[in-house]
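Understanding the architecture of this molecule
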Amino acid sequence: MAANLTEVARHAGVSIATASRAFGEPDRLAPATLDRVRRAAAELGYATTQAAVGTRTIAVVVPDAANPVYATLLKAIQGQAWHGRHRIVLFDADEDLRREREAIELGCRTDGLLLCSPRLPEREVLDLVGETPHVIVNRVIDGAVCVVMDAERGPTQAVEHLSALGHDHIAYASGPHGSWADEQRADAVARACERFGIRLTRLSNHAASIQGGRAGAAAAVASGATAVIAYNDLVALGLEAGMAELGRACPDDVSLVGIDDIELAGAVTPSLTTVRMPITRAGALAVDLLLQAMGGTVSPEETVLPSQLIVRGSTAPPRAPR
């Protein structure tokens, strides 16, 4: 059996994410590391495996194509697929379970599926994809090949950062219903708050958008929390705008932390403290793993890519002392 990316990574002595970057984002690697991965691939015949797949059509299903996270993910998927001149077909579910179901059914008519943050129940997703080669991005589904952006380390760092600033009451602004990532992030924040002795208020679910954040602003203010960790950057930015309309300034009155580190996060004033997610790496790796599945090779069921807190201007010590 021909080598897969996991075997190339092991042979080169690097992580699977680093091995993937050697083919999708080579400029991000040190020359010595890039050379080591490429030599390992050549020795194992990995490049031949990729070429043997041939030109394929890949269906990509996303919950909301307007969300900058999925735009970045799609760009990475397209870029990685372009190396093999594979075609990409996009399906936007628009946060609608019926549309997501239909999109998966249509996507099964292509050569392979990339399902990004699917909202449908686990069993239904597996029933719909059937024997079609597929990879799940940003959700863990037992029995499927999954590429996950770590929802534990970065959010935990965010709580630790807020605790060090002196915050003892944090709110978590939830994302959309059915979001696996939202549950993982909320649970990580809850565990970290318990560890640091911080009171936690979980706010209601809202859309993963600026308007969703605005809708949750009144509840965030009413909670009395001096800091809010949001499901994503868009929700955090919406919270900031909504709370400003209610007379609360960031970070003087309320500190804000987002998740994802979209480009806008560093361009607003104050710039947004956020958890950087490896979105581009996830997209490139997902394509590699899907091509392996199309070629008949077996990949690990779950690959977790690391997240990291990026501290900017939206967090500060609370105005009142403990």
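A brief structural summary. Everything numeric here is computed off the predicted structure, so don't read it as measured data.

1. Observations regarding the overall build of the protein
What the protein contains, in helices and strands, is 13 helices and 12 strands. The globule rule puts the C-alpha radius of gyration for 322 residues at 20 Å, and the 21 Å found for the protein is close to it. For the C-alpha atoms alone, the extent of the protein along its principal axes is close to 65 × 45 × 30 Å. Counting every position in the protein, which comprises 322 residues, the buried fraction comes to 56%. Taking all contacts inside the protein whose residues are at least 6 apart in sequence as the whole, residues at least 24 apart take part in 70%. Put simply, the protein shows about 13,500 Å² of open surface, and 51% of that area lies on carbon and sulfur atoms. One finds the centroid of the 30 positive side-chain charges in the protein at a distance of 4 Å from the centroid of its 38 negative side-chain charges.

2. A short note on the sheet that holds strand S1 (residues 57–62)
Across the sheet, which stays open at both edges, the 6 strands sit in the order S2-S1-S3-S4-S5-S11 with parallel pairing between neighbours. The sheet terminates laterally at strand S2 (87–92) and strand S11 (302–305), the two strands that pair on one side only. Pairs of neighbouring strands in the sheet enclose a mean axial angle of 20°, with direction left out of account. As defined by bridge partners, strand S4 (residues 134–137) adjoins strand S5 (residues 146–149) across 2 bridges and the pair is classed as parallel. Along S5, the bridge assignment pairs Val137 with Val147.

3. Comments concerning the nonpolar core
Core analysis: the largest hydrophobic core is formed by 100 residues, its most contacted members being Leu114, Ile229 and Leu239. In terms of residue count, the dominant contributor to this core is helix H13 (residues 279–294) (9 residues). Each residue touching Leu239, except ones within four places of it in the same chain, is listed here: Ala173, Gly213, Arg214, Gly216, Ala217, Ala220, Val228, Ala230 and Leu256.

4. So, a negative patch on the surface
There is a patch of like negative charges on the surface, built from Glu122, Asp142, Glu301 and Glu302. Secondary-structure assignment places Glu301 in the loop between H13 and S11. With relative accessibility at 48%, the residue Glu301 sits in the partly exposed group.

5. What about the side chain of Thr33?
On the secondary structure map, Thr33 appears in helix H3 (residues 31–44). In this structure Thr33 comes out as buried when scored by relative accessible area, which is 18%. Not counting residues within four places of it along the chain, the set of residues in contact with Thr33 comprises Val14 and Thr18.

6. As for the layout of surface pockets
By volume, the largest pocket amounts to about 390 Å³. Taken together, 18 residues form the lining of the largest pocket, with Asp260, Arg276, Met277, Pro278 and Ile279 sitting closest to its centre. Going through the elements one at a time, helix H5 (68–82) and H13 are the ones with two or more residues in the lining of the largest pocket. Of the residues forming the lining of the largest pocket, the biggest block, 3 residues, is contributed by H13. Class assignment of the residues belonging to the lining of the largest pocket gives a composition of 7 nonpolar, 4 polar and 7 charged. Taken as a whole, the second largest pocket spans an internal volume of roughly 260 Å³. His134, Gly143, Val145, Ala293 and Thr297 are the residues nearest the centre of the second largest pocket, which is lined by 15 residues in total. When residues of the lining of the second largest pocket are traced back to their parent elements, those giving at least two are S4 and H13. For the lining of the second largest pocket, the per-class residue count stands at 7 nonpolar, 6 polar and 2 charged.

What counts and what doesn't
As a convention, each chain's residues are numbered from 1 in the sequence order in which they are written. Whole-chain, interface and lining totals are the exception, using all residues; otherwise, since this is a predicted model, local features are given only for residues with pLDDT of at least 70 and side-chain atom pairs are given and counted only at 80 or more. Water and hydrogen atoms were dropped before computing side-chain values, which therefore reflect all heavy atoms in the structure. Helix numbering and strand numbering both begin at the N terminus, where a helix is a DSSP run of H or I of at least 4 residues and a strand a DSSP run of E of at least 2. C-alpha atoms define the radius of gyration, and 2.2 Å times the number of residues to the power 0.38 defines the globule rule. The classification of residues rests on relative accessible area computed with a 1.4 Å probe and restricted to protein chains. Under 20% of the type maximum is buried, over 50% is exposed, and intermediate values are partly exposed. By definition in these notes, contact holds between two residues if any of their heavy atoms fall within 4.5 Å. Accessible areas in this description were obtained via Shrake-Rupley with a 1.4 Å probe; residue shielding takes into account the shown protein chains only. Under the convention used here, Asp and Glu are negative, Lys and Arg are positive, and both His and the chain ends fall outside the count. Positions of charges follow a simple convention, taking NZ of Lys, CZ of Arg, CG of Asp or CD of Glu. Think of it this way: DSSP has to see at least two bridges between two strands before they count as a pair. In this description, a line fitted to the C-alpha atoms serves as the axis of each element, helices being fitted only across the stretch in contact, and the angle between N-to-C directions of two axes falls anywhere from 0 to 180 degrees. Among buried residues, the Ala, Val, Leu, Ile, Met, Phe, Trp, Tyr and Cys ones that are joined through side-chain atoms within 4.5 Å form a nonpolar core. Candidate patch residues must exceed 30% relative accessible area and have no salt bridge, after which like charges are joined if within 9 Å and Val, Leu, Ile, Met, Phe, Trp or Tyr side chains if within 5 Å. Salt bridges are identified by distance alone: a Lys or Arg side-chain nitrogen within 4 Å of an Asp or Glu carboxyl oxygen. Points on a 1 Å grid over protein atoms alone make up a cavity when a 1.4 Å probe fits among them but cannot get out, and a pocket when they form an open set with protein on both sides within 12 Å along at least five of seven lines; lining residues each have an atom within 4 Å of a point. Grid points are joined across faces, edges and corners, and a volume is the space filled by probe spheres set on the points. Residue classes follow a fixed rule: Ala, Val, Leu, Ile, Met, Phe, Trp, Tyr, Cys and Pro count as nonpolar, while Asp, Glu, Lys and Arg count as charged, and any other residue, Gly among them, counts as polar.

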